[in-house]
Amino acid sequence: MGIFAWTVAAVLASWAFNAVVHLVWRPRAITRRLRAQGVAGPDYRFFSGSLGEIKRLRGDGSGLQLDVSSHDFLPIVQPHFRRIFWGTAKHMLGQRVHGKTGTVGQNENGLVLTDSEEWKRHLKVVHPAFNMDKLKMMTVTMSDCAQSMMSEWDLELGTKGGIVEIELSRRFEELTADVISHTAFGSSYKQGKQVFLAQRELQFLAFSTFLSVQIPGFSYLLTKKNVKTWSLDKKCKTFFFAGHDTTSHLLTWTMFLLSARPEWQERLREEVETACGGTDEVPTRDMLNKLKLLHMFLLETLRLYSPVSLIQRKAGTNLELGGIKVPKGAILTIPIATIHRDKEVWGPDADEFRPERFEKGASRAAKHPNALLSFSSGPRSCIGQNFAMIEAKTVVAMILQRFSFELSPKYVHAPTDVITLCPKYGLPMIFKSLKV
Ligand code: HEM
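Parameters and conventions
Residues numbered from 1 in each chain as written. Predicted model: local features only at pLDDT ≥ 70, side-chain atom pairs only at ≥ 80, totals over all residues. Heavy atoms only, no water. Helix = DSSP H or I, 4+ residues; strand = E, 2+ residues; numbered from the N terminus. Buried < 20%, exposed > 50% of the residue type's maximum accessible area, 1.4 Å probe, protein only. Contact = heavy atoms within 4.5 Å. Areas by Shrake-Rupley, 256 points an atom, 1.4 Å probe, with all protein chains shown as cover. Donors = N, O, S within 2.8 Å, 3.2 Å for Na, K, Ca; no water. Patch = residues over 30% accessible without salt bridge, like charges linked within 9 Å, V, L, I, M, F, W, Y side chains within 5 Å. Salt bridge = Lys/Arg side-chain N within 4 Å of Asp/Glu carboxyl O. Expected span 1.5 Å × (residues − 1). Phe/Tyr/Trp six-rings, centres within 6.5 Å; stacked < 30°, edge-to-face > 60°. Lys NZ or Arg CZ within 6 Å of the ring centre and 35° of its normal. Polar contact = N/O pair within 3.5 Å; in protein donor to acceptor, adjacent residues only side chain to side chain. Pairing = 2+ DSSP bridges. Axes fitted to C-alpha atoms, helices over the stretch in contact; angles between N-to-C directions. UniProt positions renumbered as here; feature names shortened; annotations may be inferred.

A.B. asks: What is the right way to look at the overall build of the protein chain in this model?
C.D. replies: The secondary structure content of the protein chain amounts to 16 helices and nine strands. Split into buried and exposed, the 436 residues of the protein chain put 53% on the buried side. Partitioning the contacts of the protein chain with sequence separation of at least 6, the portion at a separation of at least 24 is 75%. Of the accessible surface of the protein chain, which amounts to about 20300 Å², a share of 58% is contributed by carbon and sulfur atoms.

A.B. asks: Sorry, what's going on with the coordination of the iron atom of the ligand here?
C.D. replies: Expected angles at a metal are 109.5 degrees for tetrahedral coordination by four donors and either 90 or 180 degrees for octahedral coordination by six donors. Of the protein atoms, Cys382 (SG) alone serves as a donor to the iron atom of the ligand, at 2.3 Å. Among the secondary structure elements, cysteine 382 is positioned in the loop between α15 (343–346) and α16 (385–402).

A.B. asks: What should I look at first to understand a nonpolar patch on the surface in this one?
C.D. replies: A grouping of Ile3, Phe4, Val8 and Leu12 is seen on the molecular surface, where their side chains present a nonpolar patch of about 450 Å² in accessible area. Mapping leucine 12 onto the fold places it in helix α1 (residues 3–35).

A.B. asks: Explanation requested: α16 in the structure shown.
C.D. replies: Two residues of an α-helix separated by three or four positions point the same way, owing to the 3.6 residues in each turn. The terminal C-alpha atoms of α16, which comprises 18 residues, lie 26 Å apart, in line with the 26 Å expected from a rise of 1.5 Å per residue. By the criterion of burial, α16 is predominantly enclosed, with 16 of the 18 residues buried.

A.B. asks: Looking at this model, I keep getting lost on the packing of aromatic side chains. Mind explaining?
C.D. replies: Each aromatic ring pair is described using two quantities: the centre-to-centre distance and the angle formed by the ring planes. Overall, the coordinates contain 11 aromatic pairs when judged by the stated rule. A centroid spacing of 5.5 Å and a plane angle of 55 degrees characterise the contact between tryptophan 153 and phenylalanine 403, whose relative ring orientation is tilted. In this pair, tryptophan 153 sits in helix α6 (residues 132–159) while phenylalanine 403 sits in strand β6 (residues 403–407), placing the two residues 250 residues apart along the sequence. Of the residues examined, phenylalanine 403 reaches a relative accessible area of 0% and is grouped as buried. Just above the ring of tryptophan 264 sits the side chain of arginine 267; from NZ or CZ to the centre is 4.3 Å. The lysine or arginine in question, arginine 303, covers the ring of tryptophan 346, its NZ or CZ lying 5.3 Å from the ring centre.

A.B. asks: When you look at the side chain of threonine 252 in this model, what are you seeing that I'm missing?
C.D. replies: Within the secondary structure, threonine 252 is located in helix α10 (residues 238–260). A residue is classified by how much of its surface remains accessible, and threonine 252, at 1% relative accessible area, is buried. Within the structure, threonine 252 has its side chain in polar contact with the backbone oxygen of serine 248 (distance 2.9 Å). If sequence neighbours within four positions are ignored, threonine 252 has contacts with Ser169, Phe172, Pro423 and Leu427.

A.B. asks: When you look at the sheet that holds β6 in this model, what are you seeing that I'm missing?
C.D. replies: The strands making up a sheet associate through hydrogen bonds between their backbones, and the pairing can be parallel or antiparallel. The three strands lie next to each other as β1-β9-β6, forming an open sheet whose pairing is antiparallel. One side of each edge strand has no neighbouring strand; the edge strands of this open sheet are β1 (163–167) and β6. Sheet twist, expressed as the average angle between the axes of neighbouring strands with direction ignored, equals 30 degrees. Its contacts with the sheet place α6 against β1, β6 and β9 (428–433), and it is angled at close to 135 degrees to β1.

A.B. asks: When you look at the UniProt feature "binding site: heme" (unreviewed entry) in the protein chain in this model, what are you seeing that I'm missing?
C.D. replies: UniProt marks Cys382 with the feature "binding site: heme" (unreviewed entry), using the numbering shown here. What makes cysteine 382 partly exposed here is its relative accessible area of 32%.

So this is what it looks like as structure tokens:
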């Protein structure tokens, strides 16, 4: 055999060895150790008393949290979560999917992906971008972008006799991409738009990767999908990924819930008109601060339709949680969507939509102060949460000032999780102008 054939054989043998180690041997070893302690499989209730534990572990800087997942939103994907939980860290979602969707390529990790020292360094650099003064300035950009979206709606209303059906989820994706492009990329807004398009494609590629078996080394092969992923990866920036899809889904689900509850639509409109004025006014940051009911409404939307429905962490060391020894390398999933509907945590009305539960703030709405996990909690929690909440308030307030709306009969309720939770068939809504 020539040198080339030997090289190919050696590479194949190394892949096969890696595959056995990472897909068979290590997962089995971890499974055996957990089973020996009576942990039969991924059942989140087993850890349901451990929210305090999550906080404590995060608080000590280890970046380590836990929970084992049963994800009732997604029965189809469940077997894959099972595999993920029992697998080893190296080939797991936390690294692979985030790596493929969120960041700038193999050696240039973005903030969602980075670990320990590198993360601290990144955080120091980006944190000042989110201080309250900067956010105040960004509110103006947000309302400008929202205003330009709504001017288009006005035009459509004008040509269609004062009543128009608009598919909102797509419009909000464009809007939040617009906002993040203007705030993160400044004048190079067109470059931001390119990133937006690349990122959408990448998200679908990443999701299909997540559902298929991962063979170590295969992501380096020159397949069509890998080549596409690499080229798209280069264009993506963390903020872009983390910052616009999530916020657009929050807006979408808020509008869905508002259309399903006309009495709330009226209450919130009244609050907005009192604090911000009528159809032609543009809310300022100070006005937005007065919108308590809207704030509660957004929190309840985040609880029931959390844009990010699970997060994961790798056990960095052997550790003990709730009396269970979790071996180093196990992937622990925090099933946000499940926790958010847990009656033990939120009370018997956990499945009901009731913004009043947030009357005294998010930390006093449930039995545990950190039960609302949409933005995660602790040192690795969402850096853009204020940004997202301000953007959502600006946009919803401006819509309430200018339009009345109801759900189109075409709407089909099918929340679906493509890394973030969105309505599978969009959100068609019927709009009327409130301008006299
Ligand atoms: C409703 C909107 C949003 C939701 C639900 C959301 C949710 C989350 C969650 C759950 C995490 C933790 C991820 C993990 O632990 O694996 C996270 C992290 C992060 N988010 Fe957000 N996010 C939103 C908006 C934003 C915005 C607007 C930005 C930026 C402009 C942003 C930037 C980030 C960054 C950079 C991280 C990583 C932080 C770190 O690792 O230290 N997010 N987000």
